[in-house]
Amino acid sequence: MTSVLLSRMQNLALDIPNHRSMHSAPVPRTGGWALLAGCGLGLAVGPISLPMLVYVSFFLLLAVSALDDIRHVTAPLRFAAQLTAATWVVLALPAGVDWWWLPPLVLLGGWVINLYNFMDGMDGLAGCMTAVGFLSLGAACLLGGDWELAGVCALFVLCAVVFLHFNWPPASIFMGDAGSTGIGLAVFTLSLFGWQRGAFELWFPVIVFSPFWLDASYTLFRRMIEGQRWWEAHREHFYQRSAMRLGVKKILHLQLTLMVAASAVAFAFIGLTAA
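Residues numbered from 1 in each chain as written. Predicted model: local features only at pLDDT ≥ 70, side-chain atom pairs only at ≥ 80, totals over all residues. Heavy atoms only, no water.

Residues separated by three or four positions in an α-helix point in the same direction, a consequence of the helix having 3.6 residues per turn. Along its 17 residues, helix H4 (residues 75-91) runs 24 Å from first to last C-alpha, staying within 8% of the 24 Å computed at 1.5 Å per residue. Those residues of H4 that sit buried are Ala75, Arg78, Ala81, Gln82, Ala85, Ala86, Val89 and Val90. (Helix = DSSP H or I, 4+ residues; strand = E, 2+ residues; numbered from the N terminus. Expected span 1.5 Å × (residues − 1). Buried < 20%, exposed > 50% of the residue type's maximum accessible area, 1.4 Å probe, protein only.)

Right, here's the structure in full:
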């Protein structure tokens, strides 16, 4: 289904190049719609059950983000939807959390959602992190005996690989805000659920996704200190500056190597803690 939808979204919500872009021709930014639609269909027909509040949180976020792909949505409205979605995910956790956990976890959720959005600025990058990241989370869930969450992760890996067929440089379709924010919310959700269900410790996804959050965090804080409009699109991330100097494919291969290395380190820590 993901492949069919991607092939039929070639002229919807075009991303018109500007001075901040890394592409020179209009490219549709609806690939994430198809990716998440494929995952949603798989969850709907599969044996996996998640709390209804989780599905509602994704629906809210995707509705606002998809609208932003088609026409501009103000930053306050986007942030409100992101924080609301993160709040609902935290409230849906199987074991619950103490009230003082709620504010930091909600802020963390908002950051993870935006993290994916910030880092979705180069062909293949967000798709590779999705494939490698969820493959690692899925393998950890298998080691932890949680086959249900492992199945959810496998679904994201499969859809990400299909998406990469169209998004590999030179990309014919982009992930867009709906895709990037939706996958960011999925990372946040599966990380918390895997932690609470005992599949892995909370530090595991932190290490796995470190190639993304280290670059994004450093760039964001530097722009805030310099008084720049940090929420606007730009080309100041490490991967963007490197790609402009050395080329997109070379930096994508380097980033992919870093992603695999980060996952290897995470599993090494699992081995050390289990010894």
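Here cysteine 128 is to be found in helix H6 (residues 125-143). A residue is classified by how much of its surface remains accessible, and cysteine 128, at 4% relative accessible area, is buried. On a C-alpha basis, the gap between cysteine 128 and valine 161 in space is 8.0 Å, while along the polypeptide they are 33 residues apart. Leaving out residues up to four positions away in the same chain, cysteine 128 has contacts with Leu164, Trp168, Leu252, Leu256 and Met259. (Contact = heavy atoms within 4.5 Å.)

Turning next to the pattern of salt bridges. Within the structure shown, the criterion is met by 3 salt bridges. Between arginine 222 and glutamate 226 there is a salt bridge, and its shortest N-O distance comes to 3.7 Å. Here glutamate 226 falls in the partly exposed class, since its relative accessible area comes to 48%. A single salt-bridge network, built from bridges that share partners, covers Asp146, Glu148 and Arg197. (Salt bridge = Lys/Arg side-chain N within 4 Å of Asp/Glu carboxyl O.)

In this model, helix H10 (residues 210-225) (16 residues) spans 22 Å end to end at C-alpha, consistent with the 22 Å of a helix rising 1.5 Å per residue. Restricting attention to buried positions, one finds in H10 the residues Ser210, Pro211, Phe212, Asp215, Ala216, Ser217, Thr219, Leu220 and Arg223. Residues of H10 that are buried make contact with helix H5 (102-119), H6, helix H9 (203-208), helix H11 (238-246) and helix H12 (248-274).

Interpretation in functional terms is not warranted from these geometric data alone.
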